[in-house]
Amino acid sequence: MIPSVTISRPATTRPPAMADVAALAGVSHQTVSRVLNGHRSVRPATREKVLEAIAELGYRRNSAARALVTARSTTVGVVTTGSPLFGPSSTLIAVEEAAREQGWYVSVATLRRYDAETMHKALEHFMDQAVEGIVVIAPHTDVADAVESFQAPVPVVIIAARDLKPDVPTIPLAVDQRAGARLAVEHLIGLGHQRILHVAGPPDWLDAVEREESWRAVLTEHGLPVLGPVVAGWTADRGYMVGLDLAQRVKAGSGPTAVFAANDQLALGLLRAFWECGVSVPDDVSVVGFDDVDGSGHFIPPLTTVRQPFVDLGRRSVALLLAAVDGGTPGAELIAPELVVRRSAAAPRR
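Residues numbered from 1 in each chain as written. Predicted model: local features only at pLDDT ≥ 70, side-chain atom pairs only at ≥ 80, totals over all residues. Heavy atoms only, no water.

Student: Is there a simple way to explain the overall build of the protein chain in this structure?
Tutor: The helix and strand tally for the protein chain stands at 12 helices and 12 strands. Across the protein chain, contacts joining residues at least 24 apart in sequence account for 71% of those joining residues at least 6 apart. Of the roughly 17500 Å² of accessible surface on the protein chain, 53% is carried by carbon and sulfur atoms. (Helix = DSSP H or I, 4+ residues; strand = E, 2+ residues; numbered from the N terminus. Contact = heavy atoms within 4.5 Å. Areas by Shrake-Rupley, 256 points an atom, 1.4 Å probe, with all protein chains shown as cover.)

What follows is the structure, given as structure tokens:
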């Protein structure tokens, strides 16, 4: 006779639930919920007991179960172009941090193509996730156009320097690019410069268009000649190539006395080219950038530039979106930039 063998199975374990926290802390389920949701009605001593129980048990809130009960996903979708440029990447980080601080989750869709079909697929992807709102970081004209053509059933904040069509239910938010360019150009004019060249960004980027148009408008207002612009792009490599040509013109006395670069990377390339060609900044030519990227104060010379408040931009976008989710009707907003004066711009000597 073959003896029977009993196989013991390990007891199944489950993750701690809210009821376990309540039992350990000696409070009600509702009290634990209030602590988790940050209600101020809970006494400090009770809150401390609940937090200690949470830590001891290793309790983690089940967001999926919570969504089923409340019919809310507390999730924000963020569309970004995937650009490594300082502005879009800094804005994305600020949006994620601000949403997380408010207890919201963030789902990110990165676009490599900017056509309407790609954008619509990204937005449909968010609809499948039941996001409650969407932030679109859209410095590119095609991205903004695609957002306008998509009738999203949830609030949408679009971070873009443009006026949207009045019938599009979207909340526009941007740093005031025109005001920033005006700060840069009027600073140079105030120093005495009359020949101010603009090295522009790509013509299909909204920020670049706004900066160029503002540069042109300020020169016209002051009765000064409009030199260029030289359309370069965004990279230091392109700024360097433009700078090699400008350096020869400056040395020959036919070039500008000042250059307003559409971003700090272009300015960095210009500074390198001018240095290699023996053109002194700011003695022979002044340079002003845009963005105030990390390290721009350590360029040689330290760069005068326009600072964009990207942290404020990201936080404000989340605040507007959550206000709209709660039934509010926030309007379009512009955030003011500021001029950071360093040593790359001075009065002209010729």
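Student: Mind showing me how you'd approach the pattern of salt bridges here?
Tutor: Applying the stated criterion across every chain, the model contains 17 salt bridges. The salt bridge involving R182 is made with E186; its shortest N-O contact spans 2.9 Å. Of this pair, R182 and E186 both sit in helix α8 (residues 177–191), separated by four residues, roughly a single helical turn. On the basis of relative accessibility, which here comes to 25%, the residue R182 falls in the partly exposed class. The class for E186 is partly exposed, based on a relative accessible area of 34%. The salt bridge involving R307 is made with E338; its shortest N-O contact spans 3.5 Å. On the criterion of sequence distance, the pair formed by R307 in strand β10 (residues 304–307) and E338 in strand β12 (residues 338–340) is long-range, its members being 31 residues apart. With relative accessibility at 42%, the residue E338 sits in the partly exposed group. Among the charged side chains, a salt-bridge network with shared partners connects D292, R307, E338 and R342. (Salt bridge = Lys/Arg side-chain N within 4 Å of Asp/Glu carboxyl O. Buried < 20%, exposed > 50% of the residue type's maximum accessible area, 1.4 Å probe, protein only.)

Student: In this structure, what is going on with the pairing of strand β5 (residues 171–175)? I would like to understand it.
Tutor: Every regular strand shows the same layout, with side chains that alternate between the two sheet faces. With respect to burial, β5 is a largely interior element, five of its five residues being buried. Pairing between β5 and strand β11 (residues 333–335): three bridges, direction parallel. Counterpart to L173 in the pairing with β11 is E333. (Pairing = 2+ DSSP bridges.)

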